[in-house]
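For reference, the chains in residue letters:
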Amino acid sequence: MHFTDQEIITLRQTMLEWYDRHHRTLPWRSEPGDTPNPYHVWLSEIMLQQTTVITVGPYFAAFLNRWPTVTDLANAELDDVLHAWQGLGYYARARNLHKCAKAVASDYDGKFPDTEEGLLKLPGIGPYTAAAVSAIAFNRPSSPVDGNIERVISRLFALETPLPDVKPEIKEKSAALTPPDRPGDYAQALMDLGATICTPRNPACGICPWQAFCDGRKTGIAPELPRKRKKPAKPTRVGYAFWVQRDDGQILIRRRPESGLLGGLYEVPGSEWRAIDAPDQIMKDQAPINADWQEISGTVGHTFTHFHLDVSVLATKVGNDIAPGPDGVWTSIDGLADYALPTVMKKIVRHALKNL
Ligand code: SF4
């Protein structure tokens, strides 16, 4: 499908008019025509990766309350940022958020670069975020393509190639439609259309500003788009968590290494996570102390992006004079709230407390 120059102008106009009337009011968003705050736009875009608008709302407010500017965030301790991030998941985002804030504060005098190319040089900013911040915060004619925009464009052009192969075509078609004026509002309009009208299952084509142009609607295949290539099944990994409790009730937790999955967060000490047929003993030998271990019945399941994890918990009691070991710390159960514990570790704590 190909649009004439006049049709492209009409598509842009109808979308912007629709946005002026129906845009969502979101805490990080400025009203159409107002100047956005780049820090707010960047923070929200990082938080919104893999996370819903409803979940992000309170976190965004809490971050701004605590760190009102990017320089304040740069001056924060990483542990405090990770702790405030608890519950949003994908903690690499939080570590990069902090790194990026430091770079903006030290190398750019606290001001975000105002072009896609400049933004791409910052830690944790990939092509999507660079395009989104450049368009929304600086009104540059960039063309961010998130999941919502991907859906709208694939339907408008009735693109039947499955994801991810269709991505370059979507990007190209989306860029060709982006208007030179108000590109930020236009990008947000497409995001809003995808979130509220061109929804995954039942697009409300009858009230869509693009209904007259949409090939997906005309051919009746819109609800099936974008098609997706079947994903291979996620592998399962297994491991042990070692629940060490002192006579006075304190338990052992430790800080994970800075790099890698859940880096810098706290954990109930654990073994490596290995393939399901890995020898048990190798993992049991990774216990943080020599002790008599008792296996707690049941396991703790958790799904990460690339694998499922099944953790068995081994428990032991020790005296109050045992050292916590490198990166370890003793804490009361209530005191756990002071540490950045990822969801999988919270599940392990709940499992141990319930079954011991
Ligand atoms: Fe989506 Fe329907 Fe609008 Fe096409 S007409 S963009 S399928 S809501």
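Residues numbered from 1 in each chain as written. Predicted model: local features only at pLDDT ≥ 70, side-chain atom pairs only at ≥ 80, totals over all residues. Heavy atoms only, no water.

1. Topic: the overall build of the protein
A count of helical and extended segments in the protein gives 14 helices and 7 strands. Once local pairs closer than 6 in sequence are excluded, the contacts in the protein between residues at least 24 apart make up 69%. For the protein, the accessible area works out to roughly 17,400 Å², and carbon and sulfur atoms hold 51% of it. Side chains of the protein carry 39 positive and 42 negative charges; the gap between the two charge centres is 5 Å. (Helix = DSSP H or I, 4+ residues; strand = E, 2+ residues; numbered from the N terminus. Contact = heavy atoms within 4.5 Å. Areas by Shrake-Rupley, 256 points an atom, 1.4 Å probe, with all protein chains shown as cover. Lys, Arg positive; Asp, Glu negative; His and termini not counted. Charge placed at Lys NZ, Arg CZ, Asp CG, Glu CD.)

2. Concerning the environment of Ala137
Note that Ala137 resides in helix H8 (residues 127–138). Sequence separation between Ala137 and Val81 is 56 residues; the distance between their C-alpha atoms is 23 Å.

3. Description of the side chain of Thr331
Note that Thr331 resides in strand S7 (residues 328–331). Here Thr331 falls in the buried class, since its relative accessible area comes to 5%. Apart from residues lying up to four places away in sequence, Thr331 is in contact with Gln250, Ile251, Ile253, Leu336 and Tyr339. (Buried < 20%, exposed > 50% of the residue type's maximum accessible area, 1.4 Å probe, protein only.)

4. Observations regarding the environment of Asp146
Note on placement: Asp146 falls in the loop between H8 and helix H9 (147–156). Each C-alpha atom of the pair Asp146 and Gly270 lies 36 Å from the other, and the pair is 124 residues apart in sequence. Ignoring anything within four residues of it in the chain, the contact list for Asp146 reads Tyr128 and Met191. A distance of 3.1 Å separates a polar atom in the side chain of Asp146 from the backbone nitrogen of Asn148. (Polar contact = N/O pair within 3.5 Å; in protein donor to acceptor, adjacent residues only side chain to side chain.)

5. Topic: the packing of helix H2 (residues 38–48) against helix H6 (residues 92–107)
As a packed pair, H2 and H6 sit with axes 10 Å apart at the nearest point and diverge in direction by 160 degrees. Between H2 and H6, the angle falls in the class roughly antiparallel. Of the two possible hands of crossing, H2 and H6 adopt the one that is right-handed. Contacts between H2 and H6 involve Trp42, Leu43, Ile46, Met47 and Leu48 from the former and Arg93, Leu97, Cys100 and Ala101 from the latter. Of the residues that constitute the contact of H2 with H6, the class distribution is 8 nonpolar, no polar and 1 charged. (Axes fitted to C-alpha atoms, helices over the stretch in contact; angles between N-to-C directions. Parallel < 35°, antiparallel > 145°, perpendicular 65-115°, else oblique. Left-handed = near helix turned anticlockwise from the far one by under 90°. Nonpolar A, V, L, I, M, F, W, Y, C, P; charged D, E, K, R; others polar.)

6. Re the packing of aromatic side chains
Applying the stated criterion across every chain yields a total of 12 aromatic pairs. Grouped by ring-pair contacts, the aromatic residues Phe3, Phe157 and Phe213 constitute a single cluster. One cation-aromatic arrangement involves Lys173 over Phe157; the distance from NZ or CZ to the ring centre is 4.9 Å. Lying across the ring of Phe307, Arg237 places its NZ or CZ 4.0 Å from the centre. (Phe/Tyr/Trp six-rings, centres within 6.5 Å; stacked < 30°, edge-to-face > 60°. Lys NZ or Arg CZ within 6 Å of the ring centre and 35° of its normal.)

7. A short note on the site of the ligand
Lining the immediate surroundings of the ligand are Arg155, Ile197, Cys198, Pro203, Cys205, Cys208, Gln211, Cys214, Arg217 and Ala222. The residue inventory of the shell around the ligand, partitioned by class, reads 7 nonpolar, 1 polar and 2 charged. (Near = heavy atom within 4 Å.)

8. Things to note about H6
Its 16 residues place the ends of H6 22 Å apart at the C-alpha level, agreeing with the 22 Å of an ideal helix rising 1.5 Å per residue. Looking only at H6, the buried set comprises Arg93, Ala94, Arg95, Leu97, His98, Cys100, Ala101, Ala103 and Val104. Lining the buried residues of H6 we find H2, helix H3 (53–66), helix H4 (70–75) and helix H5 (78–85). A positive phi of about 60 degrees marks Asp109, the residue just after H6. (Expected span 1.5 Å × (residues − 1).)

9. Regarding the packing of helix H1 (residues 5–22) against helix H11 (residues 183–196)
Where H1 contacts H11, the axes come no closer than 9 Å and their chain directions differ by 70 degrees. What the angle tells us is that H1 and H11 run roughly perpendicular. Every residue of H11 that contacts H1 at Arg12, Met15, Leu16, Trp18 and Tyr19 is listed here: Asp185, Tyr186, Gln188, Ala189, Leu190, Asp192, Leu193 and Thr196. A breakdown of the residues in the contact of H1 with H11 according to their chemical character gives 8 nonpolar, 2 polar and 3 charged.

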